[in-house]
Amino acid sequence: ITIDPEDPSAVSHFAKVLKTVREKAGLFSESQRIQYTIQTRTEGIPDARTYLETLKEIRIRRGLKDDLGAEALMMEALDRVEKDLKKPLMRNDKKAMA
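Residues numbered from 1 in each chain as written. Predicted model: local features only at pLDDT ≥ 70, side-chain atom pairs only at ≥ 80, totals over all residues. Heavy atoms only, no water.

1. Re the nonpolar core
Considering soluble globular proteins, one finds that nonpolar side chains tend to be buried as a cluster.
Okay, so step 1: A48, L52, L78, L89 and A96 together form the largest nonpolar core, which totals five residues.
Okay, so step 2: Not counting residues up to four positions away in its chain, the partners in contact with L89 are D47, A48, L78, V81, E82, A96 and M97. (Core = buried A, V, L, I, M, F, W, Y, C linked by side-chain atoms within 4.5 Å. Buried < 20%, exposed > 50% of the residue type's maximum accessible area, 1.4 Å probe, protein only. Contact = heavy atoms within 4.5 Å.)

2. With respect to the environment of R41
Okay, so step 1: With respect to the helices and strands, R41 occurs in helix α2 (residues 30-42).
Okay, so step 2: R41 gets classed as partly exposed once you look at its relative accessible area, which sits at 32%.
Okay, so step 3: Distance from R41 to Y51, taken between C-alpha atoms, is 9.0 Å for residues 10 residues apart in sequence.
Okay, so step 4: Once residues lying within four places of it in the same chain are set aside, the contact partners of R41 are T54, E57, I58 and R61. (Helix = DSSP H or I, 4+ residues; strand = E, 2+ residues; numbered from the N terminus.)

3. Structural notes on a nonpolar patch on the surface
Okay, so step 1: On the surface, a nonpolar cluster with roughly 300 Å² of combined accessible area is contributed by I1, I3 and V11.
Okay, so step 2: Within the secondary structure, V11 sits in helix α1 (residues 8-25).
Okay, so step 3: What makes V11 partly exposed here is its relative accessible area of 33%. (Patch = residues over 30% accessible without salt bridge, like charges linked within 9 Å, V, L, I, M, F, W, Y side chains within 5 Å. Areas by Shrake-Rupley, 256 points an atom, 1.4 Å probe, with all protein chains shown as cover. Salt bridge = Lys/Arg side-chain N within 4 Å of Asp/Glu carboxyl O.)

Here it is as structure tokens:
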């Protein structure tokens, strides 16, 4: 299939066709696979630290880069919050999570 990458409507139509084919075939897109992996691997993790460490493992296994350094910033923020709380941050602690 040849489409003109400069034609937004052709690109959009092609993307819709691919999405429909994937859905009918029961295949996931890469982002859907990552989302599913995150949901299944983090289900039942009660604390924020284990959750973030699990996300890091998933990222590394998938070969995804953290170019912005968001992971390190999240861990720094978590360290500060847990220091203030004087206990681990639990994911169901809405007040502390905010």
